[in-house]
Amino acid sequence: MEFHVYDNARAACEAAGALIMAQITRKGDSVLGLATGSTPIPAYEKLVGWHKEGILSFEHVRTFNLDEYVGIDYANPLSYHAFMEEHLFSKVNLKRKNIHLPDGHSATECQAYDRMIYEAGGIDLQLLGIGRNGHIGFNEPGKEFVYGTHIVTLAESTIEANARFFKSPDEVPRQAVSMGIGTIMSARCVVLVATGKEKADAVYNMIHGPITPEVPCSILQLHPCCVVLTDREAAGRMEA
Ligand code: F6R
């Protein structure tokens, strides 16, 4: 696992944007695994900027998002569909047919999502944020790692953390559909960005803790190509 600490959150996220840019430059038809949440926004801003400057084309890029809430209308600005439209999809030349988000709620639809990723040749670069509790995608702490795309019940700490986007915690959906740990681990390269002091424990446990489904991100210790980019706050326990 490679670990890089930046002076501030924006720099860490922009570095993730640069790795995505390099990936697309090397392989024009790259398959990207994408994340939502506050963390990756500066990465998407950089990608949009490079696209506008004419030095980055998404014409042949294919994307698969990590997750989506269950029970939320995709037109709702708080859905992950809407998030991706706002921050990336509407601003670059991705082809509609090449954009994928998990939107099924049945086991068959979840399996179909994994099959689409497989048929695309697998994910070249998977962008990840990290939950305060160590979740990646919406793989919450639990008794076992779940391999494929599946429906999850969100942890209380995740509902609390994501309540900032909603009018009240009661409005945060209780369930989501998420790529599984197996799919994430099958990506050829993983780029995880963690910023803010509330992520410091998760970052420490990811790198120095035991590999356990109680801390889902800890599985990344076994990934052959995992780059972790943090700001100073999220690296707080590493530097102690
Ligand atoms: C989002 C996702 C989540 C977030 C995590 C951190 O697609 O998969 O794992 O990356 O909850 O969210 P932020 O960046 O808002 O702190």
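Before reading further, recall that the structure is shown in the block above.
A brief report on the enclosed structure follows. (Residues numbered from 1 in each chain as written. Predicted model: local features only at pLDDT ≥ 70, side-chain atom pairs only at ≥ 80, totals over all residues. Heavy atoms only, no water.)

Counting secondary structure elements, the protein chain contains eight helices and ten strands. Here the C-alpha atoms of the protein chain give a radius of gyration of 17 Å, agreeing with the 18 Å that 2.2 N^0.38 yields for 240 residues. Judged by the C-alpha coordinates and their principal axes, the protein chain covers about 40 × 40 × 35 Å. The 240 residues of the protein chain split such that 54% are buried. Counted over contacts in the protein chain with a minimum sequence separation of 6, partners at least 24 positions apart contribute 79%. Counting every atom, the protein chain has about 10,600 Å² of accessible surface; 53% of that belongs to carbon and sulfur. Across the protein chain, the mean location of the 21 positive side-chain charges is 4 Å away from that of the 29 negative side-chain charges. (Helix = DSSP H or I, 4+ residues; strand = E, 2+ residues; numbered from the N terminus. Rg over C-alpha atoms; globule rule 2.2 N^0.38 Å. Buried < 20%, exposed > 50% of the residue type's maximum accessible area, 1.4 Å probe, protein only. Contact = heavy atoms within 4.5 Å. Areas by Shrake-Rupley, 256 points an atom, 1.4 Å probe, with all protein chains shown as cover. Lys, Arg positive; Asp, Glu negative; His and termini not counted. Charge placed at Lys NZ, Arg CZ, Asp CG, Glu CD.)

A word on the sheet that holds strand β6 (residues 125-128). Pairing is parallel in the open sheet, where seven strands are placed in the order β1-β10-β9-β6-β2-β3-β5. Single-partner strands in this sheet number two, and they are β1 (2-6) and β5 (99-100). The pairing of strand β2 (residues 31-34) with β6 spans two bridges and is parallel. Paired with glycine 33 across the bridge in β6 is glutamine 126. (Pairing = 2+ DSSP bridges.)

Looking now at the pattern of salt bridges. Side chains that differ in charge, positive against negative, can pair when their charged atoms come close. Scanning the model with the defined rule gives nine salt bridges in all. The partner of aspartate 7 in a salt bridge is arginine 232, with the nearest N and O atoms 3.1 Å apart. Residue aspartate 7 is found in the loop between β1 and α1 (9-26), and its partner arginine 232 is found in the loop between β10 (226-231) and α8 (236-239); the two are separated by 225 residues along the sequence. With a relative accessible area of 59%, aspartate 7 lands in the exposed category. We classify arginine 232 as partly exposed; its relative accessible area is 42%. A salt bridge links aspartate 124 to arginine 188; the shortest N-O distance between them is 2.9 Å. You can see aspartate 124 sitting in the loop between α4 (107-119) and β6 and its partner arginine 188 sitting in the loop between α6 (181-186) and β9 (189-194), a full 64 residues away along the chain. Three or more residues joined by partner-sharing salt bridges are found here, namely Arg10, Glu14 and Glu45. (Salt bridge = Lys/Arg side-chain N within 4 Å of Asp/Glu carboxyl O.)

Closest axis-to-axis distance for the α1/helix α2 (residues 41-52) pair is 7 Å, and the angle between their directions is 50°. The angle between the axes of α1 and α2 places the two elements in the oblique class. For the crossing formed where α1 meets α2, the hand is right-handed. Residue-level contacts link Arg10, Cys13, Glu14, Ala16, Gly17, Ala18, Ile20 and Met21 of α1 to Pro42, Ala43, Glu45, Lys46, Leu47 and Trp50 of α2. Here the contact of α1 with α2 is composed, by residue class, of nine nonpolar, one polar and four charged. (Axes fitted to C-alpha atoms, helices over the stretch in contact; angles between N-to-C directions. Parallel < 35°, antiparallel > 145°, perpendicular 65-115°, else oblique. Left-handed = near helix turned anticlockwise from the far one by under 90°. Nonpolar A, V, L, I, M, F, W, Y, C, P; charged D, E, K, R; others polar.)

Counted residue by residue, β9 has six buried out of six residues, so it is predominantly covered. Neither face of β9 is exposed, since Cys189, Val191 and Val193 on one face and Val190, Leu192 and Ala194 on the opposite face are all buried. Note that β6 and β9 share four bridges and pair parallel. Note that in β9 the partner of glutamine 126 across the bridge is valine 190. With five bridges connecting them, β9 and β10 associate as parallel partners.

What follows deals with the site of the ligand. The environment of the ligand is formed by 13 residues, the closest being Thr39, Asp67, His135, Gly137 and Lys199. Here an oxygen atom of the ligand and a side-chain polar atom of histidine 135 are 2.7 Å apart. Glycine 137 has a polar backbone atom sitting 2.7 Å from an oxygen atom of the ligand. Here the residues of the shell around the ligand sort into three nonpolar, seven polar and three charged. (Near = heavy atom within 4 Å. Polar contact = N/O pair within 3.5 Å; in protein donor to acceptor, adjacent residues only side chain to side chain.)

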